[in-house]
Amino acid sequence: MNQIIKFILLLSSIMLFRPGFSQNQTDICINEVMTINSNGPIDNFGHHVAWIEIFNSSYGSVNIANMYLTDDVNNPRKYQLPIDNRMVLSPRSYCLFYFDGNSEHGVFHSNFKLDSTGFIALYASNATTLIDSVSFSFSKADQTCARSIDGEGDWVVSDSYTPGQTNETESKIKTAELFVQYDPIGIGMALVAFSVVMCALALLYFMFKLLSNLFQTKVTVKNKKESILAVSNQDDIQVLSGEINAAIALAIHLYRNEMHDHEEAVITIKKVTKTYSPWSSKLYMLRQTPNKPVQNPFKRK
Amino acid sequence: MSFFEFLLQRFEQFFQYTAFANMTLGHIVMISIGLIFIYLAIAKDYEPLLLVPIGFGMIVGNIPFYPGLKLGIYETGSVMNYLYFGVIQGVYPPLIFLGIGAMTDFSALISNPKLFLIGAAAQIGIFGAYMVSLALGFSPQEAGAIGIIGGADGPTAIFLSSKLAPDLMGAIAVSAYSYMALVPVIQPPIMRLLTSKKERLIRMKPPRAVSKREKILFPIIGILLTCFIVPSGLPLLGMLFFGNLLKESGVTKRLADTAKGPLIDIVTILIGLTVGASTQATTFLTTKSVGIFALGAASFVIATFGGVMFCKILNLFLKPGRKINPLIGNAGVSAVPDSARVSQMIGQQYDKTNHLLMHAMGPNVAGVIGSAVAAGIMLSFLY
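Residues numbered from 1 in each chain as written. Chains lettered and ligands numbered in written order. Predicted model: local features only at pLDDT ≥ 70, side-chain atom pairs only at ≥ 80, totals over all residues. Heavy atoms only, no water.

Things to note about the overall build of chain B
Scanning chain B from N- to C-terminus turns up 21 helices and 0 strands. The burial tally for chain B puts 60% of its 383 residues in the buried class. Looking at chain B as shown, the accessible area adds up to about 15,200 Å², and 71% of this sits on carbon and sulfur atoms. (Helix = DSSP H or I, 4+ residues; strand = E, 2+ residues; numbered from the N terminus. Buried < 20%, exposed > 50% of the residue type's maximum accessible area, 1.4 Å probe, protein only. Areas by Shrake-Rupley, 256 points an atom, 1.4 Å probe, with all protein chains shown as cover.)

Next up, the structure:
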């Protein structure tokens, strides 16, 4: 028994202290590149060096350790990303790699430099699967080549740069930021939006109120013409209880949806006659005429 | 390396691939929640059509594995990832709305159009939750996605959160469906608190018969009016009204039968399973998720409050004999038909012969339209 408890404890400890990665390296992509860096972001040594931005496009953590960065198509294994806790990218997050040719400066510094015109590729940890690549050419300093939409947009050369941040700087973020700026508690948005919902449904209310009046008027006129006699019997009309109404409604519903019992046979009081026809004769249906069995001549009587 | 060492090494590698080697406490917690969902669905009959796929999806999504084998829902190229595409890109919710349109009878609403306004009033839960979420530090997009839980409409919640806050979608969907299942628990105390005994005994005028022509005109007028005001609600409202036209036209019975039968069943299976599987421990078990659950409950309370109070206010302007029983106000949230059933249940507790179900179905289906319109507005403001 003790052994079972020990085993369970051991298994639990393995489960509890293991990091749980369930993501794929194919969700990683190159998101932004800057090679001529004169006034752009600085690395942890205060130097302006070429950099690229890596983006995790998935909604789960991805470990990018052991993946490869290269600027040479024939040599995918040029720089292997080191094994480090910081190589686990959280969902929809970014990280920068500096290309100063000095990998001793830290895990985010590669062992080669990037030229102003060239190519950068990211390979999976098997060094054969190409994950992402981009060719670039910069004419002046501090230009970047970036995806218009994080992780999926077209590559655009721009004078503005957003290291470690989303490239979608225009409309989307602007709207949300404006809301935070002008309406921090959301009362304006809530009032406007609620009024729109109310207006939309109030319009439907007025429209159907109008329609209902129109249809009811039509029905009334029709009824007046057709059932003058029924007016004399007004006193006989009884108010039906809810149960009776429900039973009638159910019966109509079943009838309309053809859910009532369907009788195959026809019940009639007429006499059913079966006239003889050779086509329905049992005799003509047989494939062989049955013979009387021949009696055994040797049987003793 | 001897054969034995090689074998041992392979075995070690195999162990690395097993779920036991990759399991964390979070995975165990999420699998347990999945099992609770399945239990509630089977034993307590709480929204079984939704909770069984979601609960099982939670188990599927939280069986840990070695990364890179194209198994997980977030791994590009995996089967689950392909199925999840319909959720991320908002494909499934409009298809569900098509089925809902094909199976909904709007007669109660057409016969008494006042009930439209109750459906609109109950949407206050969405905007109330939006404000509270902002105050708690959520971004405007996240707050919008969380607020839509108050609409009590799973597909709408999934649709909007997939656009505004995809990373919160799992928590929002699970929260919305959980509270929809708990409508019979959440709403009655609020309804009793806000109404007097006299109000609960109000008998409403029986709904008039609605002609076929009116029923056919409803989806056409409905889409034209609502989508001209809020075009961003087109994917949901368009499909809802299209499905209803298929039903009411009377000449497309086969299409209507498919929309309300096999199609909605297939999409429900896919959406339930993938939303459940998307609640992986690493993305789901966060403080944000706890906040979302708390805000979801708050939004349901505000929505119920809004619906019931609006009925009471409306009664101030209505003549005797035309008054509305405020117990149908809760049905303004679009949890069809559960919230209408709650109205009937509570009404019966005070008067056995007062049947509120048909009346409550009016605001209930108006709530479906209202929450889709609200989602459209949120989308156009915050996307």
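Side note on the overall build of chain A
When helices and strands are counted, chain A shows 6 helices and 11 strands. The long-range share in chain A, meaning contacts at least 24 apart out of those at least 6 apart in sequence, stands at 57%. Working note: accessible area of chain A is about 20,700 Å², and carbon and sulfur atoms make up 58% of it. (Contact = heavy atoms within 4.5 Å.)

Some details on the sheet that holds strand E7 (residues 94–99) of chain A
Residue and element names in this part refer to chain A. What the 5 strands build is an open sheet, ordered E7-E2-E1-E10-E11; its pairing is antiparallel. The sheet is open, and its two borders are formed by E7 and strand E11 (155–158), each paired with just one other strand. Across the sheet, the mean angle separating the axes of adjacent strands is 30 degrees when strand polarity is ignored. Here 2 bridges tie strand E1 (residues 28–34) to strand E10 (residues 144–147), and the two strands are oriented antiparallel to one another. Considered in E10, the bridge of Val-33 is made with Cys-145. (Pairing = 2+ DSSP bridges. Axes fitted to C-alpha atoms, helices over the stretch in contact; angles between N-to-C directions.)

Examining the pattern of salt bridges
All names here are of chain B. Summed over the entire model, instances satisfying the criterion amount to 12 salt bridges over all chains. For Glu-214, the salt bridge goes to Arg-208, with nearest N and O atoms at 2.6 Å. When its relative accessible area of 2% is taken as the criterion, Glu-214 is described as buried. The class of Arg-208 is buried, set by a relative accessible area of 19%. (Salt bridge = Lys/Arg side-chain N within 4 Å of Asp/Glu carboxyl O.)

Let's talk about the interface of chain A and chain B
Contacts between chain A and chain B engage 50 residues on the former and 62 residues on the latter. Across the chain A to chain B interface the summed buried area is about 5,000 Å²; carbon plus sulfur atoms make up 74%. Joining chain A to chain B, the criterion identifies 0 salt bridges. The interface formed by chain A and chain B includes 0 residue pairs in polar contact (both at pLDDT 80 or more). (Buried area = accessible area lost by both parts, 1.4 Å probe. Polar contact = N/O pair within 3.5 Å; in protein donor to acceptor, adjacent residues only side chain to side chain.)

Quick word on helix H12 (residues 169–181) of chain B
Counted at 1.5 Å a residue, the expected span for H12 of chain B with its 13 residues is 18 Å, and the 18 Å between its end C-alpha atoms agrees. The element H12 of chain B is extensively covered by neighbouring structure, given that 13 of its 13 residues are classed as buried. (Expected span 1.5 Å × (residues − 1).)

Re the sheet that holds strand E9 (residues 130–137) of chain A
Each strand in a sheet pairs with another by means of backbone hydrogen bonds, the pair being arranged parallel or else antiparallel. All names here are of chain A. Reading across the sheet, the 4 strands line up as E5-E4-E8-E9 and stay open at both edges, with antiparallel pairing between neighbours. The two strands at the open ends of the sheet, each matched to only one other strand, are strand E5 (79–80) and E9. Where strand E8 (residues 117–123) meets E9, 7 bridges bridge the pair, whose relative direction is antiparallel. Its bridge partner being in E9, Leu-122 is matched across the sheet by Asp-132.

Overview of the side chain of Asp-132 of chain A
Residues and elements named next belong to chain A. Along the polypeptide, Asp-132 turns up in strand E9. With a relative accessible area of 10%, Asp-132 lands in the buried category. Among the polar contacts made by the side chain of Asp-132, one reaches the main-chain amide nitrogen of Ile-30 at a distance of 2.8 Å. Once residues within four sequence positions are removed from consideration, Asp-132 is found in contact with Cys-29, Ile-30, Ile-120, Ala-121, Leu-122 and Arg-147.

Comments concerning the layout of surface pockets
Its volume calculated, the second largest pocket comes out at about 1,500 Å³. Lining the second largest pocket we find 40 residues, and of these Ser-57, Tyr-59, Arg-92 and Glu-168 of chain A together with Pro-166 of chain B sit closest to its centre. Only helix H2 (171–182) of chain A together with helix H5 (79–88), helix H10 (140–147) and helix H11 (154–164) of chain B provide two or more residues apiece to the lining of the second largest pocket. When residues in the lining of the second largest pocket are grouped by element, the largest group, 5 residues, is from H2 of chain A. In the lining of the second largest pocket, the residues fall into 19 nonpolar, 11 polar and 10 charged. (1 Å grid on protein atoms, 1.4 Å probe; cavity = no way out; pocket = protein on both sides within 12 Å on 5 of 7 lines; lining within 4 Å. Points joined across faces, edges and corners; volume = space filled by probe spheres on them. Nonpolar A, V, L, I, M, F, W, Y, C, P; charged D, E, K, R; others polar.)

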